[in-house]
Protein chains: 2
Amino acid sequence: MNRNPATAALAESLTDERLRPFLPLIYAAWSTGELTSDEIDGICGAVARHSGVDVDCQVALRHWLDPEQPPSPQELELLRLQLEGWSDVVASQPSSSAADVGIAIAEATRSMAAVTEAERAALADVESTIGPVPVVSPVPLREMFLPTATFDSSVLAAVLDGRHSEIRNRMRKLLAQPEFAYPDPLGSAEYRELVLRWARSLADEGLGALAYPSPYGADDRGALVAAFSILAHHDLSLLTKFGVQFGLFGGAIARLGTAPHHDRYLKAAGSLALPGCFAMTETGHGSNVRDLETTALYDPISDELIVDTPHDLARKDYIGNAAAHGQLAVVFARLVVDDTDHGVHGVLVPIRSKDGAVAPGVRIEDNAGKGGLNGVDNGRIWFDHVRVPRTALLNHFADIDDQGVYSSDIPDADRRFFTMIGTLVGGRISVGAASVSVAKSALTIAVRYAHRRRQFGPTPQTESLLIGYPTHQRRLMPRLAATFAYHFAFESLIDDFADDDSDRLLEARAAGLKAFASWHAIDAVQASREACGGQGFLTENRLTTMRADADIFTTYEGDNTVLIQLVAKGLLSDFRHQFESAGVTGAMRYLLHRASDAVIEANPMTRSTTDTDQLVSASWQLGQLRWREKHQDESLALRIKKRLSRGVAPFLAFTQVQTHAASAAESHVDLVVLREFVAAVKKIEDRTSAEVLDKVRALHGLATIRRDLAWFQEHGHLSGATATAIRKQHDRLVSEIAGESLALVDSFAIPDEVLGAPIGIKAIAIKDAVATE
Amino acid sequence: MNRNPATAALAESLTDERLRPFLPLIYAAWSTGELTSDEIDGICGAVARHSGVDVDCQVALRHWLDPEQPPSPQELELLRLQLEGWSDVVASQPSSSAADVGIAIAEATRSMAAVTEAERAALADVESTIGPVPVVSPVPLREMFLPTATFDSSVLAAVLDGRHSEIRNRMRKLLAQPEFAYPDPLGSAEYRELVLRWARSLADEGLGALAYPSPYGADDRGALVAAFSILAHHDLSLLTKFGVQFGLFGGAIARLGTAPHHDRYLKAAGSLALPGCFAMTETGHGSNVRDLETTALYDPISDELIVDTPHDLARKDYIGNAAAHGQLAVVFARLVVDDTDHGVHGVLVPIRSKDGAVAPGVRIEDNAGKGGLNGVDNGRIWFDHVRVPRTALLNHFADIDDQGVYSSDIPDADRRFFTMIGTLVGGRISVGAASVSVAKSALTIAVRYAHRRRQFGPTPQTESLLIGYPTHQRRLMPRLAATFAYHFAFESLIDDFADDDSDRLLEARAAGLKAFASWHAIDAVQASREACGGQGFLTENRLTTMRADADIFTTYEGDNTVLIQLVAKGLLSDFRHQFESAGVTGAMRYLLHRASDAVIEANPMTRSTTDTDQLVSASWQLGQLRWREKHQDESLALRIKKRLSRGVAPFLAFTQVQTHAASAAESHVDLVVLREFVAAVKKIEDRTSAEVLDKVRALHGLATIRRDLAWFQEHGHLSGATATAIRKQHDRLVSEIAGESLALVDSFAIPDEVLGAPIGIKAIAIKDAVATE
């Protein structure tokens, strides 16, 4: 062994009380093995700057931390044992920072006066020089220093609930009642009836009508989505049934209809006295609903609309509430008046009587087995020249008068149609917010299980908790951070939606966030399932059901891939304007302008960095994402411009650059999410909540940048050294947040009854669980 | 518009027959919009090198391809119409290369002599300069040039089946029989009985005993895994039941037992006359099976073993065949003889009588609902001091003699245990091979659907096929390429396993490939499900069931995360040897040696390149993966070495570097997969199969490198320009392979009856499907 006589005396210094505040730091420095020589040097340098620190102590520290002469294994073991002797002190210490732990030990154990200001300042200086050195590292020490959160999870829970805390708490209580307990597996017929009963219970509480205009409801869109976000912790068939009945069906009547429709139907829709359908999707047209083929032909003689399914691919498909319960349907059909096709409009068509008999001219087929959501009665509907009165047209945006003349304030058929479906943006927001809740449920289960389950260890008697394994932390922590990020992105979206739901910018934001959140949900559930091993595969632990049900969130209310293209089109509209108004010369000038931008931004000082403070800062992280978004937007616009100028048709030009469009759109959504997270943290008044969330934000920001590090390097924007620093800092944050993770998932405040999973309930105290296993 | 008088005459050149072979190339060059000015220049340069090409033709080509003066939209449209007029010729042309299409058009349509050697050489030169220019690009042209494969899928199918074609075809025929048709959804009791009946039918065909030693079976391990790989296209509960009964239960008796056990049980195991369990996993120990807690205490007085479950967490859990059908179990328990714990051994314990009564002292509980595989009767088993004769010990590796003395040829308990379970490597290989089949099933469905389903388009009448969208191609093609890669990796693994199943190197390879293949399977199924939209979510289309069932493939037969660590440990053993033997000086020398390596490899000419031929070449791709593996291995070894030399205990040291270990292991598996793919392509005799597969290999190689482009750049190994070239070439290959994809999935040769999914069957001719929709 490479031994140094100078270090032989180190063991003696363990009894020197003056060194005591620094011992955890010394141990952390060597035991993680991740500090560089420069960083170890940095520790001594920082301490040396504080002349108030005892000189002998400085010398001892320098011996312990000599990068050329690391302590021997025996010395390190002695130090570890020494620290283990103070485990009581450590356990009572809320922080996991080596500096804080050192101060606590010194305060509690040494006979001399209290920890001096100079010592505190020196330790603070160390941490600000090399970043916080957590004692929660995957060493036996972490078992001793059982992770203790630095914040109060109930305070953070209140922060997360925000202005909708009342309705959210009401929902939690409601769903925790025995009535909503999960049954043993049911056949699909029984399951559908149970879901209907559950939905009625919610309607009885007035929840169905929350968003309808007064006097039919509480006119509170924000509250509805907030309630929906809690409902999403429960059975997702119930969630979907709720969304179809109160959101889509009732919502379409509220928004596309006028007073007579409201008077006649809204109360019954909100109370579930009138179960209904939102019949938009056709077998041949799921995403491209502008080109639906069902027709509603105005017959001036009888003053009726004739609703018809021209061929099999134009049948309505996957319609919720159709197979069993629906009585009235909002049917989206091409309105043809006097031989003119005015595009797709909503028409009310009865499909079943109260006693369940299918209406004449209507044919319904059960969609039968699905990959999930089997508590929802999806079906297919054919209309064979079904006649309804002219007034069945939902006529808020367009009408046929009693002379049989069609009129609309929006003359362009396409624009009219997109205005109509634009008012249904609430559905996308709701599914996105629900996706965030699904991720919360899954991660709550997986994080708690990781704090209970042991596997492998140095000996059979000392198996480690799963949460102590770096690969396990890496699997769960970035996903936990992303879940918080999406939470805040949706809180802000819900607020803006509640304030003004006609804002067209909201549509693209909702589209992008819905796509990201739903992909995140299934990814988080899958990671959680795998992290719980075979236990995660048992139905009783709910993860597989969540996974199966939420799968279709990536498709319904807009296929994610299509939504991403929608975001891209939104981005391009800015550029289109620029190109159109400026012509070719303008475009050239624009290109030159862009080239000079590139020169300015090429200055590496403004971006490549290995400074830890900078890497975790909101401003640096936002700067990177902003740069990427701008670069990709512009390059996308230029690619399209190039094609258009060569006469490539717009549809084709856009299709050719589709993968670039997807990248640009995804970069945009990444930026929106981080921006909202940063803004949300700024607004938090509680200091400790803000601190921990800022750390979570820092992880999410680094994880986002890390995902595209190849691109950042390829475009010369970040250096290899910065990439290395990002990976390292990312992994540190993962380890730190692992220590807070139990309290972080507690802040989601999911009642045990609603979470359901035996392996994920909170009620068992962790220590008991460990003892039982 | 930026018009050039010189180009005004271009339209005239369309009638000039001399230019005809080059027309598709010209159209492709402008219409995709992706060729750079340099590349367009390169086309002219290449042609100019061939003096045999008519000079007027060269001039016309130069006009058409002047980057400064692109053709006008009108001219391009004229060209397109001209090409469309020759669509018959094009359709009959198997290749999608613009050069080949041009030759075919010229041969078929021009009045002058056949295409000259100079023209052919010029076109070949163009393609070798700028890479093949496919005419299958997402332009209206691609609808005209309906993708036509360049190879015969039945020939490729034979290549894929390889030496096991006979058993595979037999399985295909067997499973296509009406008896194996998929039923409507069943309750779990009925489902389990159906699966048992199916398994019996397979046993009746002698398939259960394929791998057992003669005279009990055919002694053909390779054939068994090959049969299993076809069975994996069918119901995965049946697959699992088959694996549990014939592979795990019977296999354990065959491998861990001796002649008396074989005589007594193997025939009945292979015929399913004796349903049995492989009782290894316990609730408290799933991955760390070395520390199982069930005991088998030798009682010298009665000459019996007493099998006992000491506490609840030591109950056997998730045991297939336990809840309903199993009669005999191979129970893994700590063998205690004369107060000495000899570690875990297999003991035969009856758990049920023939009439289904649970044996005395045995308690069984149903695992009940699972996320999938509900046709398998998993259960929990407790043993309360159950007595079995001493001869119930499976005594191939260790025995207790009639004097009650324990002996084994492998004195070390750990090594003995790992040797015992090492012989069960067949299970991992089987699950991995089955995972590849699951990915094949899913992608077959999604690729066929993408060639049938239309959505969006320039007008409602001209909606595009999904396969024409670049984002859709990007979603499916790299996964299709990976599926071929894993296919060949497993074919080679199966061969080596069939030759010699005791090779310890096989274990790490099987572990790594099983982990990768099972993760790939669920990823491919999920991507396929999303690519089929709502149709993919219908149970009848099988994707969601596959997804739910295959989910647990990532956990059973070894949790993937744990398996990856196993691979890493395998990698390290080389280095450990080096360190141990060389001591500190040796390590220093090793380090110096490594530094000089780095200097050599820093020469950018050997790695960074933008040359297309090089990027797609097997040697360049393998070189990159080899470099990464070597670098990560060494860095991992050094990290561990550093910790060990500081006295960090081995378990802890390894845990601290766990994420690095995972990266190194994954890089290793990536390399193994590509290496096997390259080797397999080399061995193929059929030229067209080899060509298309080499293209698929090129895509898989680039996709693998692309996934880690951040790392390659961070370590200064690949330049930003190379990264750009890789992305570009990757996307080109994706588009080219999309044109071959229908034939590629046909080569998987999954019978329609077995595939099941109405949206994915082959029987409907594509053109008919398009017409019906």
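Just so it is clear, the structure is predicted and the values come from calculations on it, not from any experiment. (Residues numbered from 1 in each chain as written. Chains lettered and ligands numbered in written order. Predicted model: local features only at pLDDT ≥ 70, side-chain atom pairs only at ≥ 80, totals over all residues. Heavy atoms only, no water.)

**Quick look at the packing of helix α27 (residues 658–683) of chain A against helix α28 (residues 687–707) of chain A**
Residue and element names in this part refer to chain A. In the contact formed by α27 and α28, the axes pass within 10 Å of each other and the chain directions differ by 165°. In terms of their interaxial angle, α27 and α28 are classed as roughly antiparallel. As α27 runs across α28, the sense of the crossing is left-handed. Two secondary-structure elements touch here, α27 through Asp-670, Val-673, Leu-674, Phe-677, Val-678 and Val-681 and α28 through Ala-690, Leu-693, Asp-694, Val-696, Arg-697, His-700, Gly-701, Thr-704 and Arg-707. (Axes fitted to C-alpha atoms, helices over the stretch in contact; angles between N-to-C directions. Helix = DSSP H or I, 4+ residues; strand = E, 2+ residues; numbered from the N terminus. Parallel < 35°, antiparallel > 145°, perpendicular 65-115°, else oblique. Left-handed = near helix turned anticlockwise from the far one by under 90°. Contact = heavy atoms within 4.5 Å.)

**Quick notes on helix α18 (residues 425–450) of chain A**
Three- or four-residue spacings in an α-helix give side chains the same orientation, since the helix completes a turn every 3.6 residues. Helix length check: α18 of chain A (26 residues) gives 38 Å between terminal C-alpha atoms against 38 Å at 1.5 Å per residue, within 8%. Of all 26 residues that make up α18 of chain A, 25 are buried, and the element is covered over most of its length. (Expected span 1.5 Å × (residues − 1). Buried < 20%, exposed > 50% of the residue type's maximum accessible area, 1.4 Å probe, protein only.)

**Some details on the confidence of the model for chain A**
Residues and elements named next belong to chain A. Per-chain confidence: chain A averages 87 in pLDDT, with 87% of residues scoring 70 or above. Note that residues 1–8 has pLDDT below 50 and, in this model, twelve contacts with residues that lie over four places away or in other chains. Overall, residues 594–605 carries pLDDT values under 50, and its contacts beyond four positions in sequence, including any with other chains, amount to eight contacts. For this predicted complex, the interface confidence score (ipTM) comes to 0.83, while the overall pTM stands at 0.83. (pLDDT = per-residue confidence, 0-100.)

**Thoughts on the pairing of strand β3 (residues 304–308) of chain A**
For a regular strand, side chains alternate in direction, first toward one face of the sheet and then toward the other. All names here are of chain A. Of all the five residues making up β3, four are buried; the element is thus mostly covered by neighbouring parts of the structure. Examined bridge by bridge, strand β2 (residues 295–299) and β3 share five bridges and lie antiparallel to one another. Each residue of the ladder has a partner; that of Asp-299, found in β3, is Glu-304. Counted between consecutive antiparallel strands, the loop separating β2 from β3 contains four residues, among which Asp-303 sits at a positive phi close to 55°. (Pairing = 2+ DSSP bridges.)

**Quick notes on helix α11 (residues 153–161) of chain A**
Residues and elements named next belong to chain A. Every buried residue of α11 is accounted for by Ser-153, Leu-156, Ala-157, Leu-160 and Asp-161. End-on, the buried residues of α11 take up no more than an arc of 140°, which puts them together on one face. Packed against the buried residues of α11 are α12 (165–175), α19 (470–499), α28 and α30 (720–746). (Arc of directions from axis to C-beta.)

**Notes on the sheet that holds strand β4 (residues 316–319) of chain A**
All names here are of chain A. As summarised here, the arrangement of the three strands in space is β4-β8-β7, forming an open sheet in which the pairing is antiparallel. What marks the edges here is a single partner per strand, and that holds for β4 and β7 (362–366). Mean inter-strand twist for the sheet, computed between neighbouring axes without regard to direction, equals 25°. Sheet analysis places β7 next to strand β8 (residues 379–383), joined by five bridges and oriented antiparallel. Bridge pairing links Val-362 to Phe-383 in β8.

**What to know about the relation of the copies chain A and chain B**
Superposition record for chain A on chain B: RMSD 0.2 Å, screw rotation 180°, translation along axis 0.0 Å. Taken together, the rotation and translation relating the two chain copies correspond to the operation of a two-fold axis. Of every C-alpha in chain A, the one belonging to Ala-710 of chain A sits nearest the axis of rotation, 1.9 Å from it. The overlap is high: 100% of the interface residues of chain A also sit at the interface in chain B, so the same surface is used on both sides. (Least-squares fit on C-alpha atoms with pLDDT ≥ 70 in both.)

**Side note on the interface of chain A and chain B**
Contact residues are listed per partner, giving 91 residues for chain A and 91 residues for chain B. The junction of chain A with chain B conceals about 7,600 Å² of combined surface from both sides, 51% of it contributed by carbon and sulfur atoms. Applying the counting criterion to the chain A and chain B interface returns four salt bridges. A salt bridge links Arg-727 of chain B to Glu-714 of chain A; its shortest N-O distance comes to 2.6 Å. Where chain A meets chain B, there are 36 residue pairs in polar contact (both at pLDDT 80 or more). Here the side of chain A that touches chain B gets five residues from one element, more than from any other, and that element is helix α20 (residues 504–531) of chain A. (Buried area = accessible area lost by both parts, 1.4 Å probe. Salt bridge = Lys/Arg side-chain N within 4 Å of Asp/Glu carboxyl O. Polar contact = N/O pair within 3.5 Å; in protein donor to acceptor, adjacent residues only side chain to side chain.)

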